[in-house]
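Residue-level structural notes
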Amino acid sequence: GASGFLGGSLVQMLCQQGNMVVGLVRSDNAAMRVKTLGGKPVRGDLEQPMMLYEAMQGCDVVFHTAATLGFGHNSMAQRRINVDGTRYLLEAAHKAGIRRFVTISAASVIADGKPVLNADESRSFPARFVGPYSRTKAEAERLVLMANSTEMATMAIRPPGIWGVGDANILPQIVHMVQHRQFIWFDHGRYPYTTCHVTNVCEGAILAAERGQGGQAYFVTDGPPLLFREFVLGLLKTQGLTVGERSIPWRLALSIGDITEKVWQLMRRPGTPALSRETVALIGPFAVNDSKARHELGYQGLTTR
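Here's what I pulled together on the structure shown here. Counting restarts for each chain: residues are numbered from 1 in the order of the written sequence. For this predicted model, a pLDDT threshold of at least 70 governs which residues receive local features, and a threshold of 80 or more governs which side-chain atom pairs are given and counted, while totals over whole chains, interfaces and linings are taken from all residues. Heavy atoms throughout the structure, all of them, feed into the side-chain values; hydrogens and water do not.

Remarks on unusual backbone geometry
Formally: Counting from the N terminus, the helices are DSSP H or I runs at least four residues long and the strands are E runs at least two residues long. Burial status follows relative accessibility: with a 1.4 Å probe on protein chains alone, a residue under 20% of its type maximum counts as buried, one over 50% as exposed, and anything between as partly exposed.
In the Ramachandran plot, N118 falls in the positive-phi region, its phi being about 55 degrees despite a non-glycine side chain. Along the chain, N118 falls in strand 5 (residues 116-119). Even without a glycine there, the phi angle at D187 is positive, about 50 degrees. Tracing the sequence through the fold places D187 in the loop between strand 8 (185-186) and strand 9 (192-193). The class for D187 is partly exposed, based on a relative accessible area of 35%.

Considerations on the environment of Q179
The topology assignment puts Q179 in helix 6 (residues 170-179). With relative accessibility at 52%, the residue Q179 sits in the exposed group. For the pair Q179 and Y53, spaced 126 residues apart in sequence, the C-alpha separation works out to 46 Å.

Some details on the environment of L233
Going by this rule: The contact definition used throughout considers only heavy atoms, calling two residues in contact when any of these lie within 4.5 Å.
Here L233 is to be found in helix 8 (residues 228-237). The exposure class assigned to L233 is partly exposed, which follows from its relative accessible area of 33%. It is 26 Å that separates the C-alpha atoms of L233 and G204, two residues lying 29 residues apart in sequence. The contacts of L233, once residues within four sequence positions are left out, are W185 and V243.

Things to note about helix 1 (residues 5-16)
Put simply, the rule is: The span expected for a helix works out to 1.5 Å for each residue beyond the first.
Here helix 1 is twelve residues long and its end C-alpha atoms lie 17 Å apart, about the 16 Å a rise of 1.5 Å per residue gives. For helix 1, every residue scored as buried is listed here: F5, L6, G7, G8, S9, L10, V11, M13, L14 and C15. Along its buried surface, helix 1 packs onto helix 2 (28-36), strand 3 (61-64), strand 4 (100-104), strand 7 (161-163) and helix 7 (198-211). One or two residues past the end of helix 1 sits G18, with phi positive at roughly 95 degrees.

A closer look at the packing of helix 6 against helix 8
Which entries qualify depends on this criterion: Between N-to-C directions, angles span 0 to 180 degrees; the directions come from axes that are lines fitted to C-alpha atoms, helices contributing only their stretch in contact. Note on angle classes: values under 35 degrees are labelled roughly parallel, values over 145 roughly antiparallel, values of 65 to 115 roughly perpendicular, and the remainder oblique. Following the grouping adopted for this structure description, the nonpolar residues are Ala, Val, Leu, Ile, Met, Phe, Trp, Tyr, Cys and Pro, the charged ones are Asp, Glu, Lys and Arg, and the polar ones are all others, Gly among them.
The contact between helix 6 and helix 8 brings their axes to 10 Å, and the two run at 80 degrees. As far as their axial angle goes, helix 8 and helix 6 are roughly perpendicular. Contact residues: I170, L171, I174, V175 and V178 in helix 6; V232, L235 and L236 in helix 8. Class assignment of the residues belonging to the contact of helix 6 with helix 8 gives a composition of eight nonpolar, no polar and no charged.

Quick look at the pairing of strand 6 (residues 153-158)
Our working definition: A pair of strands counts as paired when DSSP detects no fewer than two bridges linking them.
Of all six residues making up strand 6, six are buried, and the element is well covered by its neighbours. Side chains of strand 6 alternate between two faces, with A153, M155 and I157 and T154, A156 and R158 buried alike. For strand 4 and strand 6, the ladder comprises five bridges, and the chain directions are parallel. Within strand 6, the position partnered with I104 by the bridge is I157. Looking at chain direction, strand 6 and strand 11 (residues 216-219) are connected through four bridges and run parallel. Across the sheet, residue A156 finds its bridge partner in strand 11, namely A217.

So this is what it looks like as C-alpha cells:
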C-alpha cells in the first residue's frame, strides 16, 4: 500500500526519519510516487507470495497499509485483499525473517450496528459484524495478532475515520453529496465522533514498530471526540462549502441502509450502494479511547485538528 493515501504518508515520514524504505507497487505511476517520497519502489502484488518474499529481503519491519473498502457489498475483492492478502504477507514476512510486523487495521472491527461510545481495546469483536469491510478487517487483524511469536512480533493499529491532504474517500464523498444536494444529517450530526489525521496514524504505526507489545492492538485518534457535525463543517469550510440542516434519525438511516443493501444484492448490481448499514454505523455515534497507545507507546497524536 506504499503509494496510497496512508501508505504514501508513512513512506514519507519514515524516510524523513532517516530510514531506508522499500515500497510495494503495482504500476509505473505508483512507483514514481514512492520514489518521489524518498522510497525504493519494488514491483509486486499481495496475491504473489514469492514476489512479497523477494521484496522483503534485507528489511527489518513490515508495515501493511493495503486494503479495499466497498462498504455494504460483500465483494470477493474485500476478502481477497483484506484477508488473503494479509495471510500471504504474513507468510512471506515469516519466511524472510522479518522481526516486526505492523498492520493498519481499523476502529470499525468492533462495529456491530450500535452506537460506539468510549470503547477501548478490551471490547471484543462482535458476534455479528455490521458489514463486510469491518468483518474482513477483523479477520485480517486476528490473523496478524495470532501470528505473533518470539521470531516476529506482530501489532495492529486501529484508526477511526482517516482524514488529511490526499484523502480520496471521506472528503471527496462529502463534497460530492453536498454539491449534488444529496447530503443529509443523521440526528443533526450532534453525536460524539473520533477521527485520526493521516500523519497521526503514521505516528502510531511507527511507535508500534519501535515499542509495541507483540500480539496487541492499539486504537489511535486525534484526541477526545467532537461532534460529528463540527468535523464535517470544518472539512467543508476548507472547500468553501456550507450545508443545510436536513436531518433524519440515525436509527432510521440504519434501517434504510439495511434495506438498500439487501435490494442492491438482490438485483445483483455491481459496486456498492450509496447508503448501507455499515456506512451509517461508521459515521454515526462512534468514539474510541486511545489511552492504551498513549500509555504503552508514548503516542501523542502530534497533528491537531
